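Read off the chains here:
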Amino acid sequence: MRRLALVLASALSLMAGACGGAAGGGRDGKLQVVASFYPVAEAAGRVAEERAEIINLTPAGTEPHDLELTPRQVDQLEDADLVLYLGGGFQPAIEKVASRRDGATIDLVEALPLEKGAEEEAGLDPHFWLDPILMEKAVERIQKALGEARPEDLAEFERNAATFRAELRELDARFEKSLSSCRRKELVTSHAAFHYLAGRYGLSQQPIAGLSPESEPDPRRLADLTNLVRQRNATTIFYETLVSPEVAETLARQTGAKTAVLNPIEGLTREQLDKGASYVSVMGENLAALKDALGCD
Ligand SMILES: [Zn+2]
């Protein structure tokens, strides 16, 4: 009899283990939130803190445009209590699964006042998070979605969101002040990620590639940029941490400019995360790089 009880007990604990390991369904009573890439995951984590488990579908150090999903990630997307993603062709694989969900699903590109990209064929430009004020609006929307998913934690979400939003407004004030008197306005970037940032602070984005870093730089575009860099005496060609700097380096060599990182925060590397880097800290590094490149007082 004792032996049977033991066998039963271990079988029960095995079953409990199997249930606990299943995808979604509020493990530890926490809300299961799936975020499509880093800035959205950080925003959701800041608002929810301990009250949600946040799954970021884009692995650290990976460029998020056109992310492919593993079967496990498809399950996570289907089972989550809340999915936060960017539509408009930014990550079509996620968009496809998100569109067939029944549960709470927020497309932040649809939720925010965004504009079309500069290229004729382009849809809405998704890169809102590089403008601290649009990022603040996204945080507000995420807070609302979390509150709807878990009304009993609404006050907590509001408090956490208020703290993060104050940091974003302070960041905006630093950008505004630091970029108000610069000798140059041209921002030569790898891909067209900085339209909203440039618009907010009176700069002019001159991207080598289009809305996606994978789009081929057109030779005519490169020739135009070479002329523009020479005419306006641009000192810096910006490149990104998650894509090859090759084209930026070629343009710099041809024009005598230097290269520097301007991080589109489409993902942080494992090393950055281990050092405690965040959206606000990397934006601070971006501001220092901009001041240097544009000759701001
Ligand atoms: Zn991008």
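Bear in mind the structure is a predicted one, so any value in this text is a computation, not a measurement. (Residues numbered from 1 in each chain as written. Predicted model: local features only at pLDDT ≥ 70, side-chain atom pairs only at ≥ 80, totals over all residues. Heavy atoms only, no water.)

(A) Representation of the sheet that holds strand β2 (residues 52-56) in the model. Strand order in the open sheet formed by 4 strands is β2-β1-β3-β4, and the pairing between neighbours is parallel. The open sheet has two edge strands with one neighbour each: β2 and β4 (104-107). Sheet twist, expressed as the average angle between the axes of neighbouring strands with direction ignored, equals 15°. For strand β1 (residues 31-35) and β2, the ladder comprises 5 bridges, and the chain directions are parallel. In the strand pairing of β2, Val34 is matched with Ile55. (Pairing = 2+ DSSP bridges. Helix = DSSP H or I, 4+ residues; strand = E, 2+ residues; numbered from the N terminus. Axes fitted to C-alpha atoms, helices over the stretch in contact; angles between N-to-C directions.)

(B) Just the coordination of the zinc ion, in detail. Here the zinc ion is held by the protein donor atoms His65 (NE2), His127 (NE2), His191 (NE2) and Glu266 (OE), which lie 1.9 to 2.1 Å from it. Metal-centred angles of 104 to 117° between the 4 donor atoms at the zinc ion mark the site as tetrahedral. Exposure remark for His127: the relative accessible area of 0% places this residue in the buried category. (Donors = N, O, S within 2.8 Å, 3.2 Å for Na, K, Ca; no water. Tetrahedral: all angles 85-135°; square planar, octahedral: opposite > 155°, others 65-115°. Buried < 20%, exposed > 50% of the residue type's maximum accessible area, 1.4 Å probe, protein only.)

(C) Up close: the pattern of salt bridges. Under the criterion given, the structure shown has 16 salt bridges. The salt bridge involving Arg165 is made with Glu136; its shortest N-O contact spans 3.1 Å. With Arg165 in helix α7 (residues 154-178) and Glu136 in helix α6 (residues 132-149), this pair connects stretches of sequence that are 29 residues apart. For the pair Arg165 and Glu136, a shared accessibility class is recorded, and that class is buried. The partner of Glu140 in a salt bridge is Arg165, and the shortest N-O contact between them spans 3.8 Å. (Salt bridge = Lys/Arg side-chain N within 4 Å of Asp/Glu carboxyl O.)

(D) Expanded view of empty space enclosed by the protein. Counting across every chain of the model gives 3 cavities of 30 Å³ or more. When its volume is computed, the largest cavity comes out at roughly 50 Å³. Considering the residues around the largest cavity, the lining is formed by Arg184, Glu186, Leu187, Val188, Ala234, Thr235, Thr236, Phe238, Ala293 and Leu294. Residue assignment for the lining of the largest cavity shows that the elements contributing at least two residues are β5 (186-189), β7 (236-239) and α12 (279-294). (1 Å grid on protein atoms, 1.4 Å probe; cavity = no way out; pocket = protein on both sides within 12 Å on 5 of 7 lines; lining within 4 Å. Points joined across faces, edges and corners; volume = space filled by probe spheres on them.)

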